[in-house]
Amino acid sequence: MNEDPARALADHPRPQARNRIELPEPGREAPVKPDLRALVGAYVSLTKPRIVELLLITTIPAMLVAARMEYGGLPSLTAVLATIIGGALAAGSANAINCYIDRDIDQLMGRTSRRPLAKHQIPPRNALVFGLIIGVIAVLGMGLLVNWLAAALTFGAIVYYDVVYTIWLKRTTPYNTVWGGACGAAPVLIGWAAVTGHMSWMAWVLFAVVFLWQPPHFYALAMKFKDDYIAAGIPMLPAVAPARRVAIESVVYGWAMLLVSLVAVPLGSTWVYGVVALVTGGMFVLECHKLLGRVNRGEDPKPMRLFHWSVSYLTLLFLALAVDSFLM
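Residues numbered from 1 in each chain as written. Predicted model: local features only at pLDDT ≥ 70, side-chain atom pairs only at ≥ 80, totals over all residues. Heavy atoms only, no water.

Participant: Help me understand the packing of helix 4 (residues 77-101) against helix 7 (residues 148-172) in this model?
Facilitator: Geometry of a packed helix pair, given as the angle between the helix axes and the separation of the axes. Where helix 4 meets helix 7, the closest approach of the two axes is 9 Å, and the angle between their N-to-C directions is 25°. In this view, helix 4 runs roughly parallel relative to helix 7, as classed from their interaxial angle. Between helix 4 and helix 7 the crossing geometry is right-handed. Residues Ala90, Ser93, Ala94, Asn95, Ile97, Asn98 and Ile101 of helix 4 touch helix 7, and the partners they reach there are Thr154, Ile158, Tyr161, Asp162, Thr166, Ile167 and Arg171. Per-class residue counts for the contact of helix 4 with helix 7 are seven nonpolar, five polar and two charged. (Axes fitted to C-alpha atoms, helices over the stretch in contact; angles between N-to-C directions. Helix = DSSP H or I, 4+ residues; strand = E, 2+ residues; numbered from the N terminus. Parallel < 35°, antiparallel > 145°, perpendicular 65-115°, else oblique. Left-handed = near helix turned anticlockwise from the far one by under 90°. Contact = heavy atoms within 4.5 Å. Nonpolar A, V, L, I, M, F, W, Y, C, P; charged D, E, K, R; others polar.)

Participant: Even after reading the chapter, I still don't get the environment of lysine 48, so can you show me in this structure?
Facilitator: Within the fold, lysine 48 resides in the loop between helix 2 (36-46) and helix 3 (49-71). Look at lysine 48 and you get buried, because its relative accessible area is 12%. Counting along the chain gives 43 residues from lysine 48 to alanine 91, while the straight-line C-alpha distance between them is 8.5 Å. Excluding anything up to four places from it in sequence, lysine 48 contacts Asn95, Asn98, Cys99, Arg115 and Tyr161. Polar contacts involving the side chain of lysine 48 include one to the side chain of asparagine 98, which spans 2.6 Å. (Buried < 20%, exposed > 50% of the residue type's maximum accessible area, 1.4 Å probe, protein only. Polar contact = N/O pair within 3.5 Å; in protein donor to acceptor, adjacent residues only side chain to side chain.)

Participant: I'm lost on helix 7 in this one. Help?
Facilitator: Side chains that are three or four residues apart share a direction in an α-helix, a result of its 3.6 residues per turn. Within helix 7, the axis deviates most sharply at tyrosine 165, by approximately 50°. Among the residues of helix 7, those classed as buried are Ala150, Ala151, Thr154, Ala157, Ile158, Tyr161, Asp162, Tyr165, Thr166, Leu169, Lys170 and Arg171. As for helix 7, its buried residues are in contact with helix 4, helix 5 (103-106), helix 6 (124-145) and helix 8 (176-196). (Bend = angle between axes of the 7 residues up to and from the residue.)

Participant: Whenever I open this one, the environment of threonine 154 confuses me. Can you help?
Facilitator: Among the secondary structure elements, threonine 154 is positioned in helix 7. The class of threonine 154 is buried, set by a relative accessible area of 3%. Setting aside residues no more than four positions away along its own chain, threonine 154 makes contact with Ala90, Val139, Met142 and Ile190.

Participant: Got a minute to help me understand the nonpolar core in this structure?
Facilitator: Where a protein is soluble and globular, its nonpolar side chains tend to be buried together. Grouped together as the largest cluster of nonpolar side chains are 84 residues, with contacts concentrated most on Trp213, Tyr229, Phe284 and Tyr313. Per-element accounting of this core gives the leading share, 16 residues, to helix 9 (residues 201-224). Setting aside anything within four residues of it in sequence, one finds tryptophan 213 in contact with Leu54, Met257, Phe284, Ser310, Tyr313 and Leu314. By size, the runner-up hydrophobic cluster in this structure holds eight residues, among which are Tyr43, Ala96, Leu117 and Ile122. (Core = buried A, V, L, I, M, F, W, Y, C linked by side-chain atoms within 4.5 Å.)

Participant: Even after reading the chapter, I still don't get the environment of asparagine 147, so can you show me in this structure?
Facilitator: Relative to the helices and strands, asparagine 147 is located in the loop between helix 6 and helix 7. For asparagine 147 and glycine 197, which are 50 residues apart along the polypeptide, the C-alpha to C-alpha distance reads 6.8 Å. In this structure asparagine 147 touches Met142, Ala193, Ala194 and Gly197, once residues within four positions along its chain are discounted. Within the local environment of asparagine 147, its side chain forms a polar contact with the backbone oxygen of alanine 193, the two atoms lying 2.7 Å apart.

Participant: Just to check I follow, could you spell out the pattern of salt bridges for this structure?
Facilitator: In total, this model carries seven salt bridges according to the counting rule given. In this structure, the salt-bridge partner of aspartate 102 is lysine 170, at a minimum N-O distance of 2.6 Å. Placement of the pair is aspartate 102 in the loop between helix 4 and helix 5 and lysine 170 in helix 7, with a sequence separation of 68 residues. Among the ionic pairs, glutamate 287 bridges to lysine 290, the shortest N-O distance being 4.0 Å. Of this pair, glutamate 287 and lysine 290 are both found in helix 13 (residues 271-296), three residues apart, which corresponds to roughly one turn of the helix. With a relative accessible area of 16%, glutamate 287 lands in the buried category. According to the relative accessible area criterion, lysine 290 is partly exposed, its value standing at 38%. Through salt bridges with shared partners, a single network forms among Asp102, Asp104, Lys170 and Arg171. (Salt bridge = Lys/Arg side-chain N within 4 Å of Asp/Glu carboxyl O.)

Shown next as structure tokens:
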């Protein structure tokens with residue numbers, strides 16, 4: 001538990017271009033010219049649709065709760081549609097730019113080696129321009145159709161993910177996942193701002209739930225693919241620290257997430273949300289403890305059990321929140 005992460009990472013070979021982004025040498029690997037269908041699919045793949053879907057799962061319930069607590073009704077259809085489309089474009093923009101920045105390491109990792117830029121399906125410059133264009137559309141659309149607070153938060157989330165997390169935190173500190181969680185939790189605040197034009201304690205509580213959920217969620221995935229991160233020289237905690245330390249931190253964040261999720265009850269949520277938060281959060285914490293137990297016994301940690309349950313947990317919790325908004 002006291003092992004120095006920097007020293008642990010130093011024990012593994014790192015690629016020469018770890019902190020430098022380079023284009024392939026001319027004539028070495030010429031980009032393949034795919035057909036139109038494959039090309040469209042490659043651009044869609046740049047946006048990482050599964051991540052976009054997960055982010056929207058937290059946005060819509062936050063909007064429903066905000067509308068109910070703010071003026072006892074439902075959010076306008078225009079605000080909902082503009083926020084969903086704008087949020088999807090913003091997340092897609094951040095992910096596409098992330099693929100552009102990380103194209104050097106994506107080629108070194110089995111999990112990411114099939115991404116369009118790693119396979120040279122799309123010229124890097126085109127991917128960057130694509131990401132910037134849909135990002136501009138997302139921010140301007142949010143500002144013109146919703147409000148400028150939501151637009152500012154959308155812009156901030158894109159910049160934080162691509163500049164603060166991807167360029168800086170991801171390549172320099174084992175706590176990249178922790179501090180990078182701010183952009184993953186931003187859709188809650190964006191959805192809330194889209195309805196009310198301001199923040200409230202409930203908005204910050206829901207933000208904190210997603211923020212605390214993210215470390216154990218991604219630690220589990222990084223444990224599964226830690227060899228990829230070692231090969232790429234990326235200091236994800238599971239790649240530079242003992243598995244026991246990772247499991248202990250997962251337990252700590254799991255408990256913190258559960259306790260914070262229950263704070264929403266005295267702030268206005270009903271027993272429906274409270275029961276779901278307690279049961280599903282308890283099961284999440286149990287999975288964290290099971291992970292720690294397997295690590296302590298020297299068994300296969302089977303981290304993907306926690307990873308898959310973490311996705312189910314977030315979906316069920318915010319679905320309960322959406323239902324709960326009609327009972328407030």
